[in-house]
Amino acid sequence: MSSQQHPFVTDDSKVLTETRDARLAGQDDRFNSRLREAFGSTPFILTKFDKFMNWVRGSSMFMLQFGIACCSIEMMHTYAVKHDLDRFAAGVPRASPRQADVIIIPGTIVSKFAPRMKRVYDQMPEPKFVIGMGSCTISGGPFQEGYNVIKGAEEVIPIDIHIPGCPPRPEALVYGVAKLQERIANGESSPVVVKPYELEQFGDLERDEIVEQLAEDIDTDDLVMRYNWGDSP
Amino acid sequence: MSLEEQLPDTVEEGQSADELAELLGDLVIDREDHVNAPGFVIRPDTVQDALRRLRDDAGFDHLSCVTAQEYEDRYESIYHLKKYDDPTQEASVVVPADKEHPVSQSAEPVFRTADWHEREAYDLIGIDYDEHPDLRRILLPDTWQGHPLSMDYDQDRPQIVSLREHANPLQEDQRSDSDSDTMFLNIGPHHPATHGVLHVKATLDGEQVADVESDIGYLHRCEEQMCQTKTYRHQIMPYPDRWDYISAGLLNEWAYARAAEDLNDIEVPEYAQIIRTMGAELCRMAAHFLALGTFALDVYGDFTAIFMYAVRDREEVQNILEDLTGQRLMFNYFRLGGVVWDLPEPREEFFEMTRDYLDRLPEHLEEYHDLVTGNEILQMRTVDTGILPPEVAKSYGATGPVARGSGIDYDLRRDDPYGYYDELDWDVIVKDGCDNYSRLLVRMLEVEQSAKIVEQCIDLLEDWPEDERNIQSNVPRTLRPDDDKEIYRAVEGAKGELGIYMRADGTEKPARFKIRSPCFSNLQTLPEMSNGEYVPDMIAALGSLDIVLGEVDR
Ligand code: SF4
C-alpha cells in the first residue's frame, strides 16, 4: 500500500515521543495495535477532515452487486477465492444500490437496459463512484455497430475508471479498483462528462417525427430515454 | 468421426423426403434442399396443418428453431423440425409470406415453443403471425420503431425507450384491482437471483405464484446482425464465445464451426477433433460448476462455502484452458478446419497438470455431494418442486440438462455425433425426477462424465505420433459458399441444443445467421414449473434452468 493512502500519518517520532512515553508508562502491552504505534497514544489526530473522509471512503468501498454480461463472470471471480477483492477493502457486494458506494459496470449496455442502469445509479447515495469494466463500457466493444447497443456507458452515467479488456482479467480489475481507491484517497473527483442520453419526461422532448408517432403510446409524464444513434461516435 | 454430411434428400431410417411429401400431400407447393434436411414449401395459411401432420404421423416432435428472414421478393419463416428419439432425422417447413403484407399462420397451437420464437421473428424481421396468442415485441422495447433485421431498416434513426414498464413496485399499491387478493411483484432486471439481467413479472396470490412472465431483451446485443456483417473465415469466430459466456466458449465455437464446415465441405483432422473434444468438455465442466454455485446461492443464499468451492474448481479448469488457448474466458481457439494451435509445450507438463486436476476431482465432487445433493435441507427445498413433465418439456423444445432431468434421453453428442465423441466411452445422464433436484443432479453427474472424456482424450493425445499432429486442414483464405445454400446444424452446448442456421448468398458473409439458443427455449418453461408454487421455489426453478442471458437475448 502506498503511503498516499494514509495521508494523515505524521512523523511522530520527535513531537509526540514524550507524551507517548508518559502515557504508556505503567501500562502493559495490551494496547499495542499498529494504529497506536503510528499515532502514539494521544487521542488527537491532526489532519483535515476532508482528507480523513477521503481516506475512509477509499478504504471501505461497498460494491454494488451488479452483473450484466460476460465481464460479470470475471467480476465474480475477482470477488471469490484466489483473487479475493476483499483483501483490498472493497469486497462485499451489496444487493441494494442504497447501500453501495461503487458500481462496477461489467458488460454491454443496450437500449432497454440503459434507463434501468441510470435508475440504479441514481438510487446510490452520494458520493458514488463508477468503474467501467471491459471494452463494452468504453465504446460498445465488439458490438459497437449493433443497432441496439449503447456506444459506451459514459453516454448514460459518468465513469471514474475505465478498465480495458474483453474481458479484463481479474488482476486488471483489482488494479483498477486500487487505482480508484488511490484517487479517492487523494481527493480527486471524477471528471464531469457530457451525458448525451438522459432520462426525461416524454412531454419535454422536442416534437419531431418519432415523437409524434409515439404520442399515442406514451403519456407525457412518462420517463423516457431518447437515443440519437446517428450522433453516437 | 468426421463431420460427414447427411445426404440432403434422404432421411436415414425414418421416412424419406418423398414419403414426407406424400404425407403432406397437396399442402406442399414446392420442394427445397437444405444441407441438413429436405425442405417443404407450404402456403402461409396451412402451417398448423402441416406441422400437426409431421408431428403426429411422422414423429417430428421437436420444433428446434424458427428462422425468419426477408428476401428481395418475399418474407420467409422456416420451421426446423427434429425428433427427440433421433435428431439426425430432420425436416424443414418453409413458409413464404407476402412482401407487402407478411402474414403467416402461427404454429403456437401445435408447438408451444413457437410462441417466443415467432415473437422474436415478429420483433426482428416483421412477420405477422396470425392466431398467435400474444404477438408483441420480445427482445426490443415496446416503443421501438421498425424491424432491425429487415432490409429497409435505418439504423441511425432515433429511438425512444420508456421507463414505464419498470414501475417501482414500492411507489404505488401494486394490487392488481380493488377486490382481488393478488399482488404484482417485479423481480429484476437488476436482481441477484435472476442470473443477469432478466426481468420476471410475478403475480402473487398470498405467497404463491399465480403467474410469472419473463421479460427479456436487456442484453440483446445484436449477435445475429454482427455475424451477418462478418466474414466466415475468421471474423465470426470470436462472437460465439460471447453467447454463453459462462466459460462455455469452446462449445459455442463448435456450433459455428460445425455449421460452417458442413456448409463449405471442410474436413477436420482427427487430431484436431480430439483437441476440440477435450477443450469442449473442460468448458462444460466449468459451466456446470458455476451452475452449481449459483444454484446454491439461490437456494441457500450461500455466498461462502459452495459458491467459493465452485469458483475454486472453475479457476483450476480455467488455468488448464488458459494454457491451451491463451485466454481465460473468450477463447477464440477454433478455426474452420481445426484449431488455431497445438497443445502448449512442454506437452508433458500440460498433460500432468490436467491429469493432476482430474485426479483431485472425485474428492471435490464428493465434497459437493456432501454439501449439496446429499444435504437434506437442500433436498427439502428441491425435491418435488419445479415439476416439468417430459411432454411439456418437449412441447417447449427444452434440451440439455433441463430435458435430461425430465427423463428425456436426448444428447446430441451421442445422438447426432460430431467431434470424437462416438469413439469414446461415456454415458448420457438421464434422471426422471422432473424436479429441481434432478436437474441439479444431472449437471453434477455430467461433470464426472466430462472428466472421463477429457481423460480419454489426454491419453489419445499423449500417444499421438509426432508427425501426424495435424491441427488444421487446408482451408482457402476466403470462403464463398454457393448462393442459396442453407444449413441448420446443432451441437450439445452446456445448456442444451445450440443450433446455427446460415444462408449463403455467394458472398463471403452469411446472408442470414440465426442462433438457436437452448436457454431461450428452456426459459419458456418457467411458468409451467412455478405457477402454483411458492416464491422461493420459483427462484429455485429459475436457478435450476441455468440460463445465461447472453444466450437468451443474443
Ligand atoms: S467487454 Fe467483452 S467480455 Fe466484457 S461484456 Fe463486453 S463483450 Fe463481454
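Residues numbered from 1 in each chain as written. Chains lettered and ligands numbered in written order. Predicted model: local features only at pLDDT ≥ 70, side-chain atom pairs only at ≥ 80, totals over all residues. Heavy atoms only, no water.

## Structural notes on the overall build of chain B
Thinking step 1. A tally of regular secondary structure across chain B gives 17 helices and 16 strands.
Thinking step 2. Taken over the C-alpha trace, chain B has a radius of gyration of 23 Å; the compact-globule value for 554 residues is 24 Å, and the two agree within 12%.
Thinking step 3. Structurally, chain B occupies a C-alpha span of about 65 × 55 × 50 Å along its principal axes.
Thinking step 4. A total of 554 residues make up chain B; the buried ones form 66% of that total.
Thinking step 5. Taking all contacts inside chain B whose residues are at least 6 apart in sequence as the whole, residues at least 24 apart take part in 69%. (Helix = DSSP H or I, 4+ residues; strand = E, 2+ residues; numbered from the N terminus. Rg over C-alpha atoms; globule rule 2.2 N^0.38 Å. Buried < 20%, exposed > 50% of the residue type's maximum accessible area, 1.4 Å probe, protein only. Contact = heavy atoms within 4.5 Å.)

## Side note on the domain arrangement of chain A
Residue and element names in this part refer to chain A.
Thinking step 1. Each domain of chain A was delimited in the assignment, giving domain 1 (50-185) and domain 2 (199-231).
Thinking step 2. Here the C-alpha centroids of domain 1 and domain 2 sit 29 Å apart.
Thinking step 3. Contact residues are listed per partner, giving 11 residues for domain 1 and five residues for domain 2.
Thinking step 4. Summing the contributions of domain 1 and of domain 2, the shared interface buries around 580 Å²; its carbon and sulfur component is 75%.
Thinking step 5. Summed over the shared surface of domain 1 and domain 2, the result is one residue pair in polar contact (both at pLDDT 80 or more). (Domains from an automatic or database assignment. Buried area = accessible area lost by both parts, 1.4 Å probe. Polar contact = N/O pair within 3.5 Å; in protein donor to acceptor, adjacent residues only side chain to side chain.)

## Some points on the nonpolar core
A general trend in soluble globular proteins is that nonpolar side chains are found buried together.
Thinking step 1. Within the largest apolar cluster, 211 residues are counted, with the highest numbers of intra-cluster contacts made by Tyr-79, Tyr-245, Met-278, Met-285 and Met-502 of chain B.
Thinking step 2. Tallying contributions element by element places helix H6 (residues 270-300) of chain B first for this core, with 17 residues.
Thinking step 3. Formed by 19 residues, the second largest nonpolar core is a distinct cluster that contains Tyr-79, Met-133, Val-174 and Ile-184 of chain A. (Core = buried A, V, L, I, M, F, W, Y, C linked by side-chain atoms within 4.5 Å.)

## Some details on the site of the ligand
Thinking step 1. In the neighbourhood of the ligand, 16 residues make up the surrounding shell, with Cys-70, Cys-71, Ser-135, Cys-136 and Cys-166 of chain A lying closest.
Thinking step 2. One chain alone does not account for the residues near the ligand; they come from chains A and B.
Thinking step 3. For the shell around the ligand, the secondary structure elements donating two or more residues are helix H4 (70-79) and helix H6 (135-139) of chain A.
Thinking step 4. The class makeup of the residues in the shell around the ligand is nine nonpolar, five polar and two charged. (Near = heavy atom within 4 Å. Nonpolar A, V, L, I, M, F, W, Y, C, P; charged D, E, K, R; others polar.)

## Some details on the interface of chain A and chain B
Thinking step 1. Across the boundary between the two partners, chain A contributes 57 residues, which contact 60 residues of chain B.
Thinking step 2. A combined buried area of about 5200 Å² lies between chain A and chain B, and 63% of that area is made up of carbon and sulfur atoms.
Thinking step 3. The interface formed by chain A and chain B holds five salt bridges in total.
Thinking step 4. One salt bridge in this structure joins Glu-322 of chain B and Arg-169 of chain A, with 2.8 Å as the shortest N-O distance.
Thinking step 5. Taken together, chain A and chain B are joined by 18 residue pairs in polar contact (both at pLDDT 80 or more).
Thinking step 6. Those elements that place two or more of their residues in the side of chain A that touches chain B are H4, helix H5 (114-123), helix H8 (209-214) and strand S7 (223-227) of chain A.
Thinking step 7. Take the side of chain A that touches chain B: its biggest share by element is six residues, from H4 of chain A.
Thinking step 8. When grouped by side-chain class, the residues that make up the side of chain A that touches chain B number 36 nonpolar, 11 polar and 10 charged.
Thinking step 9. Taken together, the four bridges between S7 of chain A and strand S8 (residues 159-162) of chain B define a ladder with antiparallel strand orientation. Residue pairing in the sheet places Tyr-227 of chain A in a bridge with Gln-159 of chain B of S8 of chain B. (Salt bridge = Lys/Arg side-chain N within 4 Å of Asp/Glu carboxyl O. Pairing = 2+ DSSP bridges.)

## Overview of the environment of Phe-334 of chain B
Residue and element names in this part refer to chain B.
Thinking step 1. Inspection of the secondary structure puts Phe-334 in strand S12 (residues 334-335).
Thinking step 2. Taking the C-alpha atoms as reference points, Phe-334 and Met-237, 97 residues apart in sequence, are found 7.4 Å from one another.
Thinking step 3. Beyond its immediate chain neighbours, meaning those up to four positions away, Phe-334 contacts Met-237, Leu-250, Glu-253, Trp-254, Ala-257, Arg-276 and Val-339.

## Section: the domain arrangement of chain B
All names here are of chain B.
Thinking step 1. Along its sequence, chain B is carved into domain 1 (17-130) and domain 2 (223-553).
Thinking step 2. Using C-alpha coordinates to define each centre, domain 1 is positioned 28 Å away from domain 2.
Thinking step 3. Listed by partner, the interface residues are 33 residues for domain 1 and 33 residues for domain 2.
Thinking step 4. Summed over the shared surface of domain 1 and domain 2, the result is five salt bridges.
Thinking step 5. The salt bridge partner of Glu-120 is Lys-514, with a shortest N-O separation of 2.9 Å.
Thinking step 6. Across the domain 1-domain 2 interface, the total number found is 21 residue pairs in polar contact (both at pLDDT 80 or more).
Thinking step 7. Those elements that provide at least two residues to the side of domain 1 that touches domain 2 are strand S3 (62-70), strand S4 (75-82) and helix H3 (114-124).
Thinking step 8. Top contributing element to the side of domain 1 that touches domain 2 by residue count: S3, with eight residues.
Thinking step 9. Here the side of domain 1 that touches domain 2 is composed, by residue class, of 12 nonpolar, 10 polar and 11 charged.

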